[in-house]
Amino acid sequence: MTQLDPPKEALPFGKPNKPINIIGFFRRYGLFVLVIGAFLFTVTVPLVLLISKPNYEVHAVLRIDPIIPSVITKSEDLSIINYYQDYANTQAKQILNFDVLETTVKKLTADERASIFAPSLPPATCADIAANIIKVNPEPGTHLVDISVSGPKKKGLASLVNNLMQAYLDKMRTGNEMQDNARLEYLRNKKAALTSDIAAIEAKLNILTKDISTADFAENNNLANRKLAELQQVAVNVFADRVSAENMFHESERNSQQLKALSLDPMVEEIVMGDQSLDFTSSWTYQQQQQLRSSTDGLTTSNPDRIYVEERMKAMRDYEKKLQNEVRNSAKMIVYGKRDYEQKKELIQTRNKAVKTRSNEDELLRELDKTQKESVRISLGLHLGEALKSTLQHKRNLLNQVDTRIHELELEGKAPLHVAIESMAREPDVPAGSNTKKLMMVFLGLSFGGVTVLFFVFDFLDNRIRRKEDIKAALGYPPAKEILKSAEKRRFPHILEVAPDDPEAKKIRSLAVKFVHENQINSSKIILFSGVERRSGATSLARNCAQALSSLAPKVLLIEAAINTPPLSAIERLEREPEGFHELLSGSGSPEQLIVKGAGGSPDMLFYGNAASRIVSQERLPELFSRFRGTYDFICIDAPPVLESNLTENLALHAEIVTLIALGNSTMYRDLRAAAEVFVRLEVPAIMPILNWGGPAKSSQIDRMLEKPPEFLDRINAEKLEALFLKLPSGRRLFDLVNGALDAIKKAARSKNSESSTK
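Summarised in this report is the structure supplied together with it. From a predicted model like this one, the values you see are computed outputs, not experimental measurements.

Turning our attention to the overall build of the chain. Tallying secondary structure elements over the chain gives 26 helices and 12 strands in all. Sequence-distant contacts in the chain: of pairs separated by 6 or more residues, those separated by 24 or more amount to 81%. In the form shown here, the chain has an accessible surface area of approximately 43,500 Å², with 55% of it arising from carbon and sulfur atoms.

Following this line, the structure appears as structure tokens:
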């Protein structure tokens, strides 16, 4: 950000608005608030006595029972002992609800309403008014609540209170009956839903019972499961039979194949040997051959008879062999055929048995699969039935609970109330008092409150600096010094010479020591003195500080850069205004010619000069201050207010310290911040605020009047007040009290004024 860029905030410190000083407000205006408020209250006392009216008051009592008889339900505790006081306070607040009051007003007759309220007011407005006039107070240490109302007319007051109690009790009864409506509606809807759900579940159970042929949904009632167990046992047996039959069939096949390899010739020969026909034939043939052989004895081989006999014997042998072969072949056919038959028979039997067992097993397995599916279906049905039955039981239990709760809530809606009417209000016979005290308090508050508000607004809008805390609030730090009114007021510019022991002279020397300290630490030589406004004492303070610095440093220069009234030359009692700063800037003289040398421990002075115009050329300022900085130890510059002259801004560019002077009870808070803002934007190394109470403060007509409270109080004519009060009942007593108070206030005001003058 460059030097030309505006900062985000006017000042990075301090508060933008002047803070409120409550203690200072009461110190400045407390006495006047008391005096004016007392005067106004005194004037309004006759008016209070004229407009005061008698006051009638009626009372009724409500009783709040901590425990009420319980109904047959057990759901809620009807005792309020633990929070009785809170309950009573709550009822005291609720009885004044708008709807209760509006109902109460509507119950009043036209005459009763006109006696309490204006005849043309609507019930809503009357209810708002009734909320302010009816008082409800719980009686400490009792179970009673007092309800009271007061008014200038006795008619209608008792009816108002009685109707209020009755309307509130009716509202409570209605509330008790209606408070559970939402719950009852919900419970009734829940009951209807449960009834519908139960009917649906029962319908499902009926269908399921017909389907699985049982209403008892235990697994023991699954007949298909029992059949499945039996079929499984039979299946195991059939499986064993099938395996056995198949094994026997395979064994028969193996036996057949192996037996075919065996020869049955021995058995054939056995049959042949055992054949009787063959044995008889062999025996007969043998006999015949023997006979024929015997007949051939002695015959030659060529003998025809022999040959014939031998041929016959051969034919017999051939026949025997043929017969034997036929028997053998027949036996062989029989034996082998029988064996084949037996083998085939066995194979057929074993095969058929294996096929039968397999067919039985297949049929059994189909039945087993069907039974298993049926068992699973029935098991799922039993499981579903058990779940439906459990759900049905749960919903029936819930329905019983809901039905019981509905009954309880309906009974609770008819339960007795904690609040009851103990005693009704009666129309009063005599007034209970008047509204004089209340009117007195109202007018007392208006008198003092109105004056306080007016003075507070005036003080709030007053933007002047009134204390050193205001400077701290504006700049973020307190003033370096606070210059009070000196005892040698007319010679303040020469206070160091004429009154060196004066407290203000000591403050100025202390301020000079600070300047020397700053010079030692930061080499600060050029000190600019500028007031926030004109006639703030900048010239006198600059002159005194330069005089004090002359006793601490050998070379001190005081420059008058402002057109002052009176000028510095008049303060120094010179016969004429010498040439000086104006001529030096215009180039018509040199510093050696224009600076007036001080003598006897006084500073050198460069007066403003005889300027025909306020417009001054500022081109030579850098050159001049460069020369002055090399020549002098301190340069004090009396500059015009920075808010009125840009010369001060240019001079501030060369200064290391700016002494910003605010005049107490005159300088505006916003002007002080504006002046400080200018120096902050010029990046002045240090700003030292000074609060001066010695200058001519700007004051308004109100300030001048308030500065002399005794004269203001003397304007109150006691004789006129006395004549006014004597016209009233007990007027002498009231006048004596008011007159004594005014005398005491006047005495205090004169004492305070004398103390302020002495100070």
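In this section: unusual backbone geometry. Leave glycine aside and you will find that most residues have negative phi; peptide bonds, for their part, are mostly trans. Within the chain, R535 stands out as a residue other than glycine whose phi angle is a positive 60°. Positionally, R535 belongs in the loop between β7 (526-531) and α16 (538-550). One non-glycine residue, E683, lies in the positive phi region at around 60°. Position of E683 relative to the elements: it lies in the loop between α22 (669-681) and β12 (686-692). Classification of E683 by relative accessible area gives exposed; the value is 53%.

Every regular strand shows the same layout, with side chains that alternate between the two sheet faces. The buried count for strand β8 (residues 556-560) comes to 5 of 5 residues, which makes it a mostly enclosed element. Burial of β8 is two-sided: the residues V556, L558 and E560 facing one way and the residues L557 and I559 facing the other way are all buried. Bridge count between β8 and strand β10 (residues 634-639): 5 bridges; the pairing is parallel. When the sheet's bridge partners are listed, I559 is paired in β10 with I637. One ladder, built from 3 bridges, connects β8 with strand β9 (residues 604-606); its direction is parallel. Residue pairing across strands places L557 opposite D604, the latter belonging to β9.

Glancing now at the pairing of β7. For β7, a buried count of 6 out of 6 residues is recorded, marking the element as mostly surrounded by other parts of the structure. Residues I526, L528 and S530 point to one face of β7 and I527, F529 and G531 to the other, with burial holding for every one of them. Two strands pair when backbone bridges link them, and β7 and β10 are joined in this way by 5 bridges, in the parallel orientation. In the sheet register, L528 faces β10, and the bridge partner there is I637. Two elements, β7 and strand β11 (residues 657-663), share 5 bridges in a ladder whose sense is parallel. Of the residues in β11, the one forming a bridge with G531 is I661.

Now for a positive patch on the surface. On the surface, R293, K314, R317 and K321 cluster together to form a positively charged patch. Counting residues per element, the positive patch draws most heavily on helix α11 (residues 304-412), at 3 residues. Note that K321 resides in helix α11. Given the relative accessible area of 51%, K321 is considered exposed.

Sheet architecture is open: 7 strands sit in the order β6-β12-β11-β7-β10-β8-β9, paired in parallel fashion. The open sheet is flanked by β6 (481-483) and β9, the only strands paired with a single partner. The average undirected angle you get between the axes of adjacent strands in this sheet is 20°. In the packing of helix α15 (residues 503-522) onto the sheet, contacts are made with β6, β7, β10, β11 and β12, and the angle to β6 comes to roughly 150°. Most of the contacts of helix α20 (residues 621-631) go to β10, to which it runs at about 140°, and overall it touches β7, β8, β9 and β10.

How two helices pack is summed up by the angle between their axes together with the distance between the axes. Two numbers describe how α15 lies on α16: the axes approach to 9 Å, and their chain directions differ by 65°. Compared by their axis directions, α15 and α16 come out roughly perpendicular. Crossing handedness for the pair α15 and α16: right-handed. Facing I508, R509, L511, A512, F515 and V516 of α15, the residues of α16 in contact are L541, N544, C545, A548 and L549. Class assignment of the residues belonging to the contact of α15 with α16 gives a composition of 9 nonpolar, 1 polar and 1 charged.

Taken as a whole and judged by the stated rule, the model has 20 salt bridges. For D470, the salt bridge identified is with R467, shortest N-O distance 3.2 Å. Residue classification places R467 among the partly exposed positions, given a relative accessible area of 22%. E656 is paired through a salt bridge with R629; the nearest N and O atoms lie 2.5 Å apart. Residue E656 is found in the loop between α21 (646-652) and β11, and its partner R629 is found in helix α20; the two are separated by 27 residues along the sequence. The exposure class assigned to E656 is buried, which follows from its relative accessible area of 14%. Using a relative accessible area of 28% as the deciding quantity, one classes R629 as partly exposed. One salt-bridge network, in which partners are shared between bridges, spans R242, E246, R358 and E361.

On to helix α12 (residues 436-461), then. Here α12 is 26 residues long and its end C-alpha atoms lie 37 Å apart, about the 38 Å a rise of 1.5 Å per residue gives. When we look at burial in α12, the residues that qualify are T436, L439, M440, F443, S447, V451, F455 and D459.

All chains considered together, the criterion is met by 0 disulfides. Between C545, a cysteine without a disulfide, and C636, which holds the nearest cysteine sulfur, the sulfur-to-sulfur distance is 6.5 Å. Residue C545 is classed as buried on the basis of its relative accessible area of 0%.

For I201, the location among the structural elements is in helix α7 (residues 181-212). We classify I201 as buried; its relative accessible area is 8%. Those residues in contact with I201 that lie beyond four places of it in its chain are L388, T391, L392 and K395.

Among the nonpolar cores identified, the biggest contains 44 residues, and F581, F628, I637 and L651 are the most heavily contacted of them. The element that contributes the greatest number of residues to this core is α22, accounting for 6 residues. Apart from the residues within four sequence positions on either side, I637 is in contact with I526, I527, L528, F529, I559, A561, F625 and L651. Core analysis: the next-biggest nonpolar cluster, separate from the first, contains 37 residues, I95, V149, L160 and A425 among them.

Another aspect to go through is a nonpolar patch on the surface. A surface patch of nonpolar side chains, amounting to about 770 Å² of accessible area, comprises I20, I22, F26, V453, F456, V457, F460 and L461. For the nonpolar patch, the secondary structure elements donating two or more residues are α1 (22-51) and α12. Among the elements that line the nonpolar patch, the one with the most residues is α12, at 5 residues. Along the polypeptide, F456 turns up in helix α12.

Attention now moves to the environment of E677. Mapped onto the fold, E677 is located in helix α22. The exposure class assigned to E677 is buried, which follows from its relative accessible area of 16%. The spatial distance from the C-alpha of E677 to the C-alpha of L475 is 9.5 Å, given a sequence separation of 202 residues.

Another aspect to go through is the packing of helix α13 (residues 468-475) against α22. Packing of α13 against α22 leaves a shortest axis separation of 10 Å and a crossing angle of 45°. It follows that α13 is oblique to α22 by the angle criterion. For the crossing formed where α13 meets α22, the hand is right-handed. Between α13 and α22, the residues in contact are D470, I471, A473, A474 and L475 and Y669, L672, R673 and A676, respectively. Classifying every residue of the contact of α13 with α22 by side-chain character gives 7 nonpolar, no polar and 2 charged.

Rules and cut-offs
- Residues numbered from 1 in each chain as written.
- Predicted model: local features only at pLDDT ≥ 70, side-chain atom pairs only at ≥ 80, totals over all residues.
- Heavy atoms only, no water.
- Helix = DSSP H or I, 4+ residues; strand = E, 2+ residues; numbered from the N terminus.
- Contact = heavy atoms within 4.5 Å.
- Areas by Shrake-Rupley, 256 points an atom, 1.4 Å probe, with all protein chains shown as cover.
- Buried < 20%, exposed > 50% of the residue type's maximum accessible area, 1.4 Å probe, protein only.
- Pairing = 2+ DSSP bridges.
- Patch = residues over 30% accessible without salt bridge, like charges linked within 9 Å, V, L, I, M, F, W, Y side chains within 5 Å.
- Salt bridge = Lys/Arg side-chain N within 4 Å of Asp/Glu carboxyl O.
- Lys, Arg positive; Asp, Glu negative; His and termini not counted.
- Charge placed at Lys NZ, Arg CZ, Asp CG, Glu CD.
- Axes fitted to C-alpha atoms, helices over the stretch in contact; angles between N-to-C directions.
- Parallel < 35°, antiparallel > 145°, perpendicular 65-115°, else oblique.
- Left-handed = near helix turned anticlockwise from the far one by under 90°.
- Nonpolar A, V, L, I, M, F, W, Y, C, P; charged D, E, K, R; others polar.
- Expected span 1.5 Å × (residues − 1).
- Disulfide = S-S within 2.5 Å.
- Core = buried A, V, L, I, M, F, W, Y, C linked by side-chain atoms within 4.5 Å.

Keep in mind that these numbers describe shape and distance, not what the molecule does.
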